[in-house]
Amino acid sequence: MLQFITKRTATLLAAVAVSSFAVFLIPYVTPGDPVRKIIRSRVAGDAIDDSSVQALAQNLGLNESLATQYFRWLGNFFSGDMGLSYVSRTPVVEQVLPALAVTLSLVAMSLGLAAAVALPLGIISGLRPGSMPDKAITGVTQALIAMPEYWVAPVLVLVFALKLSVLPTAGWNDLSSAVLPVFTLALRPISFFTSAVRAGIIDAAAADHVPAARARGLSHAQSIIRHVIPNGMVPLSTLFAVWFAGLLGGSVIVEVIFAVPGMGRLLFDAVTNSDIPLAQGGVVVVVALAVGVTTLADFVHRLISPTVGGSLA
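Residues numbered from 1 in each chain as written. Predicted model: local features only at pLDDT ≥ 70, side-chain atom pairs only at ≥ 80, totals over all residues. Heavy atoms only, no water.

A. Quick look at the pattern of salt bridges. Within this structure, the stated rule accounts for three salt bridges. Residue Asp134 pairs with Arg198 through a salt bridge whose shortest N-O separation is 2.8 Å. With Asp134 in helix α7 (residues 132-145) and Arg198 in helix α9 (residues 175-205), this residue pair connects regions lying 64 residues apart in the sequence. Classification of Arg198 by relative accessible area gives partly exposed; the value is 25%. With a closest N to O distance of 3.4 Å, Glu149 and Arg188 form a salt bridge. Here Arg188 lies in helix α9 and Glu149 lies in helix α8 (residues 149-163), a separation of 39 residues in the sequence. (Salt bridge = Lys/Arg side-chain N within 4 Å of Asp/Glu carboxyl O. Helix = DSSP H or I, 4+ residues; strand = E, 2+ residues; numbered from the N terminus. Buried < 20%, exposed > 50% of the residue type's maximum accessible area, 1.4 Å probe, protein only.)

Shown next as structure tokens:
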């Protein structure tokens, strides 16, 4: 177990280090001088005095080596200083944290809805594979994969907001404003969660301990409730974490369409406005959180399924 924790922790730190360095290089690998970009974001017009460029570079330490700049930036980041936004001139952290809270709420509600729908569907399909209910559920859930968010979101807005006028089209004010974006993000996870639960139930029902439980006097229903269903839901823990991590940064389209003030919308605006500090801070936070969630899921999966965990170590 200690070896497993050490490996996963090392992987986590390496992923954060590599991604943070890649994000740090954004202003250097994109066209244009980073110092001139900063000045241009603050002062209107294209004429920039060379003396101003040199003064700002020295003031911000941008004339030092990349390694020195990176470690200083990383140190400031972990101390809570993500710099100042080029556009708003406010601390980046003051924009990232509220947006992150919105996205976490959106993702949690979406995956909660997906799990609530997928669990009974997957159990029904897994307990009776090949039956008519199984074929119907599989057909519907597989069709959801072919419904991308950028298509679903406008359709929902057209029907429920513009045609029926029962739900708001944008914002993040109350539960009603969360219905459409949550439903949009939940559709595809429902398909994957249902498939995972179905496969897990089928495998669990075929395990040797199920007949052994029946031989000890458990009824068919009791063996299903005590052994098949709990073991069949084990794969869902890892898949849930993977989708959680993916939606943290993958909710851009939904947040832009529904004007949800989350991380996706924040990063979209940062890139559109060339707000490099805001883009850097937002991306690193999302990556670190996503990698942390998947690493935590590995730990949980090993605890609840030691046989699988043993193969991972």
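B. Looking closely at the packing of helix α6 (residues 92-127) against helix α14 (residues 263-272). Axis separation between α6 and α14 bottoms out at 7 Å; the angle between their running directions is 135°. It follows from the interaxial angle that α6 and α14 lie oblique. Across the interface between the two elements, Gln95, Val96, Ala99, Leu100 and Thr103 of α6 pack against Met263, Gly264 and Leu266 of α14. (Axes fitted to C-alpha atoms, helices over the stretch in contact; angles between N-to-C directions. Parallel < 35°, antiparallel > 145°, perpendicular 65-115°, else oblique. Contact = heavy atoms within 4.5 Å.)

C. Quick peek at the packing of aromatic side chains. Per the counting criterion, the structure on display carries 10 aromatic pairs. Where Tyr70 meets Trp73, the ring centres are 6.2 Å apart and the plane angle is 35°; that geometry is what we call tilted. Linking Tyr70 with Trp73, this pair stays in helix α5 (residues 66-78), spanning three residues, or about one helical turn. Overall, Tyr70 belongs to the buried group, its relative accessible area being 8%. Relative to Trp243, the ring of Phe192 lies with its centre 5.3 Å away and its plane at 50°, an arrangement referred to as tilted. Taken as a pair, Phe192 in helix α9 and Trp243 in helix α12 (residues 234-250) lie far apart in primary sequence, 51 residues in all. Put simply, the rings of Phe21, Phe24, Tyr70, Phe71, Trp73, Phe77 and Phe78 touch in pairs and so form one group of aromatic residues. (Phe/Tyr/Trp six-rings, centres within 6.5 Å; stacked < 30°, edge-to-face > 60°.)

D. Focus on the nonpolar core. Counting residues in each nonpolar core, the largest one holds 60 residues, and the members touching the most others are Val96, Leu111, Phe193, Phe258 and Met263. The dominant element in this core, judged by the number of residues it contributes, is α6, at 12 residues. Excluding anything up to four places from it in sequence, Phe193 contacts Leu111, Ala114, Ala115, Ala118, Leu236, Leu239, Phe240 and Trp243. (Core = buried A, V, L, I, M, F, W, Y, C linked by side-chain atoms within 4.5 Å.)

E. A look at the packing of α6 against α7. Where α6 meets α7, the axes come as close as 8 Å, and the angle between the chain directions of the two elements is 135°. Relative to α7, α6 is oriented oblique. Judged by the sense of rotation from one axis to the other, the crossing of α6 with α7 is left-handed. Seen from α6, the contacting residues are Leu121, Ile124 and Ser125; seen from α7, they are Pro133, Asp134 and Ile137. Per-class residue counts for the contact of α6 with α7 are four nonpolar, one polar and one charged. (Left-handed = near helix turned anticlockwise from the far one by under 90°. Nonpolar A, V, L, I, M, F, W, Y, C, P; charged D, E, K, R; others polar.)

F. Here's a closer look at the environment of Trp73. The class for Trp73 is buried, based on a relative accessible area of 14%. Through-space distance from the C-alpha of Trp73 to that of Ser20 is 9.8 Å; in sequence the pair is 53 residues apart.

G. Focus on a nonpolar patch on the surface. On the surface, Tyr150, Trp151, Val155, Leu158, Val159, Phe160, Leu162, Leu164, Val166, Ile253 and Ile257 cluster together into a nonpolar patch covering about 1000 Å² of accessible area. With seven residues, α8 is the largest single contributor of residues to the nonpolar patch. Turning to its location among the elements, Phe160 is positioned in helix α8. (Patch = residues over 30% accessible without salt bridge, like charges linked within 9 Å, V, L, I, M, F, W, Y side chains within 5 Å. Areas by Shrake-Rupley, 256 points an atom, 1.4 Å probe, with all protein chains shown as cover.)

H. Spatial organisation of α6. The terminal C-alpha atoms of α6, which comprises 36 residues, lie 51 Å apart, in line with the 52 Å expected from a rise of 1.5 Å per residue. Of all the bends in α6, the greatest reaches close to 30° and is centred on Ala118; the proline Pro120 follows between one and four positions later. (Expected span 1.5 Å × (residues − 1). Bend = angle between axes of the 7 residues up to and from the residue.)

I. Spotlight on the side chain of Asp275. Position of Asp275 among the secondary structure elements: in the loop between α14 and α15 (276-304). Put simply, Asp275 is tucked away with no salt bridge, and the nearest opposite charge, on Arg89, sits 7.6 Å away. Within the structure, the side chain of Asp275 is placed 2.4 Å from the side chain of Ser85, a separation counted as a polar contact. Sequence-distant contacts of Asp275, defined by excluding residues within four places in its chain, comprise Ser85, Tyr86, Val87 and Ala270. (Lys, Arg positive; Asp, Glu negative; His and termini not counted. Polar contact = N/O pair within 3.5 Å; in protein donor to acceptor, adjacent residues only side chain to side chain.)

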